[in-house]
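Single-letter residue listing:
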Amino acid sequence: MHLGQDYIVPVRSIIGIFDMDTATVSKHTRAFVARMEREAKAVALFEDLPKSAVLCETALGERLYISQISTATLAQRVERLQKGEFA
């Protein structure tokens, strides 16, 4: 699935898709994002404001992709890919 800025991940690697507006309200989520950034496990895929975060399990461990694509658009892409359509 395309996450932005030429990054593509397999749908099966996605653990969760999170809205940055609502997810970062929690101090626990902010701490998680900060830890992923400190550990160089976060990948910034945005130029302006981030809209979503996609947590994936990769061969290198967990990765957090922070994207400017909305969670609604990403969810539609997942749905279309699961149906065998192209995103």
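First things first, this report covers the structure right here in the doc.

Conventions we followed
Residues numbered from 1 in each chain as written. Predicted model: local features only at pLDDT ≥ 70, side-chain atom pairs only at ≥ 80, totals over all residues. Heavy atoms only, no water. Core = buried A, V, L, I, M, F, W, Y, C linked by side-chain atoms within 4.5 Å. Buried < 20%, exposed > 50% of the residue type's maximum accessible area, 1.4 Å probe, protein only. Helix = DSSP H or I, 4+ residues; strand = E, 2+ residues; numbered from the N terminus. Contact = heavy atoms within 4.5 Å. Salt bridge = Lys/Arg side-chain N within 4 Å of Asp/Glu carboxyl O.

### As for the nonpolar core
The tendency in soluble globular proteins is for nonpolar side chains to be buried side by side. Among the nonpolar cores identified, the biggest contains 12 residues, and these are Met1, Leu3, Val9, Ile14, Val43, Leu45, Val54, Cys56, Tyr65, Ile69, Leu74 and Val78. Only strand E4 (42–45), strand E5 (52–58) and helix H3 (71–82) provide two or more residues apiece to this core. Filtering out sequence-adjacent residues up to four positions away, valine 43 remains in contact with Tyr7, Leu64, Tyr65 and Ile66.

### Here's the deal with the pattern of salt bridges
In the structure shown here, the tally under the stated rule is three salt bridges. The salt bridge partner of arginine 35 is glutamate 39, with a shortest N-O separation of 3.3 Å. Relative accessible area serves as the criterion here: at 37%, glutamate 39 is assigned to the partly exposed category. Linking glutamate 79 and lysine 83 is a salt bridge whose minimum nitrogen-to-oxygen distance equals 3.4 Å. Salt bridges here are not isolated pairs; linked through shared partners, they connect Arg35, Glu39 and Lys41.

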